[in-house]
Structure formats: C-alpha cells, structure tokens
Amino acid sequence: GDVLRGRETIAAFGEHHKRLFKGANEQLVRQLAAAKVGNEGVCKWAQALTTQNGALLYLGCGLVCVYLNALGRMSTAQLGLVLLYAAQLQRAGMEYMMTLTQVETQFVSVERIAQYTRLEDEWESDQHYRAFSASRLAQSRGRSGDGGGGGAAGQGGE
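K.L.:
I keep staring at the overall build of the protein and nothing clicks. Help me out?
P.N.:
Helix and strand content of the protein: 6 helices and 0 strands. Starting at the N terminus and walking to the C terminus, you meet the elements of the protein as α-α-α-α-α-α. Expressed as a percentage of the 158 residues in the protein, the buried residues total 11%. When contacts within the protein are restricted to residue pairs at least 6 apart in sequence, those whose partners lie at least 24 apart make up 64%. In the structure as shown, the protein presents an accessible area of about 12,700 Å², 61% of it carried by carbon and sulfur atoms.

Here it is in structure tokens:
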C-alpha cells in the first residue's frame, strides 16, 4: 500500500526529483542485496565454524575420558555422562555464537535508520524551493507595505 501511495508523491516533485529518487533507491537496493548475500554467507560460515569447534570439543572430551577410563580413574558411567554434557555444551555454544552473529548482522537495520535520519529534507535542499520562498517573501513584504500605506492615505484624504 505505501509503495503505491508514494508514487504520486514522487511524481508530484517532478521529473528531476523522480530521477534522483530512482537513482538513490537503486543504489540502496544494490547495497541491500550485497548485504543480504554477505549476511547469509556470514551465518553459514558461523554455523560451519561452531559445528567444527563443537566436534573438536566432543573429540577432546572423548579422548580424555577414554584415557582416564583406561587408567581406571573414570568409570564408564562417568564417561557417558561427560560425553552427554559435552554434546549439550556444544549445542549451547553453537546457539550462543549464532545469536551473536545474528545480532551483528541485524545491526545493519540500525545503521539504515541512522542513515535515514541524516537525510536532508527534499524541500529544504532544493534550490528552486529557496528561490520560490524568497520571491514569495519579497512579494508578501511588498504587498503589506503598499496595502497598509495606501489604505491609510485613502481614508485620510476622504
């Protein structure tokens, strides 16, 4: 709905502003597409790294537990319990890392909002508007000076 309603607003500004808007919009769409591809790549890479780290953690725990079991310092039940907790720790670590990755990549929306708040107002930045405002102000000052003096002089002469 907003996109369709905005077309009339853009068209009302004229052809020059329409071209400026389209150019700026195309640039933002290209940046968004590049950011989206980068975002997906970062998420997939983070998943792969956390899975590898979890596998190394699990392997390390398993080797140490088997070694301790062979020495008689750990029972088989304890070995199973350690491996069970290592698997849960791997999942928790992966979830934590993925959440951090998502927070970092989702922060782009905050940067977009900041960029939007720094945009100049189209009317204020337009030279035509400034010239139009100056001429309107000069005309209104000229009328108020002529109209007030002429009315008072006309009443006094009658």
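K.L.:
What should I look at first to understand the packing of helix H3 (residues 76-106) against helix H4 (residues 108-117) in this one?
P.N.:
Between two packed helices, what matters for the description is the angle formed by their axes and the separation of those axes. Close contact between H3 and H4 brings their axes to 5 Å; oriented N to C, the two are set at 15°. The orientation of H3 with respect to H4, classified from their angle, is roughly parallel. Between H3 and H4, the contacting residues are Glu104, Thr105 and Gln106 on the first element and Val108, Ser109 and Val110 on the second. For the contact of H3 with H4, a count of residues per class yields 2 nonpolar, 3 polar and 1 charged.

K.L.:
Is there a simple way to explain a nonpolar patch on the surface in this structure?
P.N.:
A surface patch of nonpolar side chains, amounting to about 320 Å² of accessible area, comprises Leu56, Leu59 and Leu63. With respect to the helices, strands and loops of the structure, leucine 59 is situated in helix H2 (residues 15-71).

K.L.:
What should I look at first to understand the side chain of threonine 50 in this one?
P.N.:
Relative to the assigned elements, threonine 50 resides in helix H2. At 2.9 Å, the side chain of threonine 50 and the backbone oxygen of alanine 46 are in polar contact. The contact partners of threonine 50, leaving out residues within four places of it in the chain, are Gln90, Met94 and Met97.

K.L.:
Explain the side chain of glutamine 90 to me, please; I cannot follow it from the model alone.
P.N.:
Turning to its location among the elements, glutamine 90 is positioned in helix H3. A relative accessible area of 17% means that glutamine 90 is categorised as buried. Excluding anything up to four places from it in sequence, glutamine 90 contacts Thr50, Thr51, Gly54, Ala55 and Leu57.

Calculation rules
- Residues numbered from 1 in each chain as written.
- Predicted model: local features only at pLDDT ≥ 70, side-chain atom pairs only at ≥ 80, totals over all residues.
- Heavy atoms only, no water.
- Helix = DSSP H or I, 4+ residues; strand = E, 2+ residues; numbered from the N terminus.
- Buried < 20%, exposed > 50% of the residue type's maximum accessible area, 1.4 Å probe, protein only.
- Contact = heavy atoms within 4.5 Å.
- Areas by Shrake-Rupley, 256 points an atom, 1.4 Å probe, with all protein chains shown as cover.
- Axes fitted to C-alpha atoms, helices over the stretch in contact; angles between N-to-C directions.
- Parallel < 35°, antiparallel > 145°, perpendicular 65-115°, else oblique.
- Nonpolar A, V, L, I, M, F, W, Y, C, P; charged D, E, K, R; others polar.
- Patch = residues over 30% accessible without salt bridge, like charges linked within 9 Å, V, L, I, M, F, W, Y side chains within 5 Å.
- Salt bridge = Lys/Arg side-chain N within 4 Å of Asp/Glu carboxyl O.
- Polar contact = N/O pair within 3.5 Å; in protein donor to acceptor, adjacent residues only side chain to side chain.

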